[in-house]
Structures are given as C-alpha cells and as structure tokens.
Amino acid sequence: MADFSHFNDSGRAWMVDVSAKSETHRTAVAAGRVLVNEQTYALIKSGGMKKGDVLGTAQIAGIMAAKRCFEIIPMCHPLMLSGVNIDFEMDDENHSVGIRASVKCLGVTGVEMEALTAVSAAALTVYDMCKAVQRDIEITDIRLLSKSGGKSGDFVRDEA
C-alpha cells in the first residue's frame, strides 16, 4: 500500500497530510457538455423553461459545488478558494450547452476536483431544470482541460 497516497500504513483510507507542502497559486479549468433536443435548447436559450433561468441557476450550482467539493468527494481537503467562474457556450448546431469552470486558490493542494465538481453540478442542474420537457438529456465529456501550480507542474490537455 506504500505506493497509494490515500492509504495509511494499515491499509486504511486517510486524508493525506499536506501540512509540509508550500503554498502556491493553483488553478484548474474543467469542461463538460449537456446535449439536448431542439425544443429543450430553444427553451434554455429563450429563458422559457418553467423552472426558471436554467443557466443562471446552473452557474450558482457550479460555484456552490466548487466551494463544497470537500463535502462531496472523500479525502478532498477543504480549500479557501479565491475565485470560481462558470461559463456557458451555446452550440446552436448541435443543440448543446458547453460548460467551463475555472477555479483558483493560493494553497497547498490543487483545485482540479473543485473544477470538475463545478462542471458536474452545473451540468446536473441543467438536466434537473429541463427534465420535465426532455428525459433523454445527455451529460458528456466532463474532463480536466488544464491545471497549474504545485510540485507536479502544469498540465494542458491536448484537444487536437
């Protein structure tokens, strides 16, 4: 078990001790997509969904999820986030909503999970707000696009 950072000497799960790590500026960007039909897409775009402002609600859900990631994902450390931003890209041709979350902090551990959780919560909120008019909505392509800071260095996904 020595090779696994989230297991202690007894082979039991533990939250890694990060107290000896140096604070650095940490960033992460994640993305995902929600695929809907033409009718649902038009309702999202026009603000005509009965439950209200789909993207506004999803934006708040994504920010809240990033802030509370440590309560959702086991072994995540609570972080003092310095910024969370959620952007949406409406794709008229494919009737989809692209979601992009950017998270920043000054800390001793990365914010990748916070960015991925933000995208996931925003996508689930779009689904929840639209499920009354469409049941076969798809959430796809949730992935880390980039991260910076820390000992492991930077990462940028090759999307080509």
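Before any of the text, the structure's been laid out above.
All values derive from a computational prediction rather than experimental measurement. (Residues numbered from 1 in each chain as written. Predicted model: local features only at pLDDT ≥ 70, side-chain atom pairs only at ≥ 80, totals over all residues. Heavy atoms only, no water.)

(A) View of the pattern of salt bridges. Here the structure, examined in full by the defined rule, presents four salt bridges. Here Lys-45 and Asp-92 are joined by a salt bridge, their closest N and O atoms 2.7 Å apart. Here Lys-45, found in helix H1 (residues 38-46), pairs with Asp-92, found in the loop between strand E2 (81-91) and strand E3 (96-107); they are 47 residues apart in sequence, far enough to count as distant. When its relative accessible area of 47% is taken as the criterion, Lys-45 is described as partly exposed. What makes Asp-92 partly exposed here is its relative accessible area of 44%. Residues joined by salt bridges that share partners form a network here, namely Lys-51, Asp-128 and Lys-131. (Salt bridge = Lys/Arg side-chain N within 4 Å of Asp/Glu carboxyl O. Helix = DSSP H or I, 4+ residues; strand = E, 2+ residues; numbered from the N terminus. Buried < 20%, exposed > 50% of the residue type's maximum accessible area, 1.4 Å probe, protein only.)

(B) The arrangement of unusual backbone geometry in detail. If you check the backbone angles, Met-75 has positive phi at about 75 degrees while not being a glycine. Relative to the elements of secondary structure, Met-75 occurs in the loop between helix H3 (69-72) and E2. Even without glycine at this site, His-95 takes up a positive phi of about 50 degrees. A relative accessible area of 21% means that His-95 is categorised as partly exposed.

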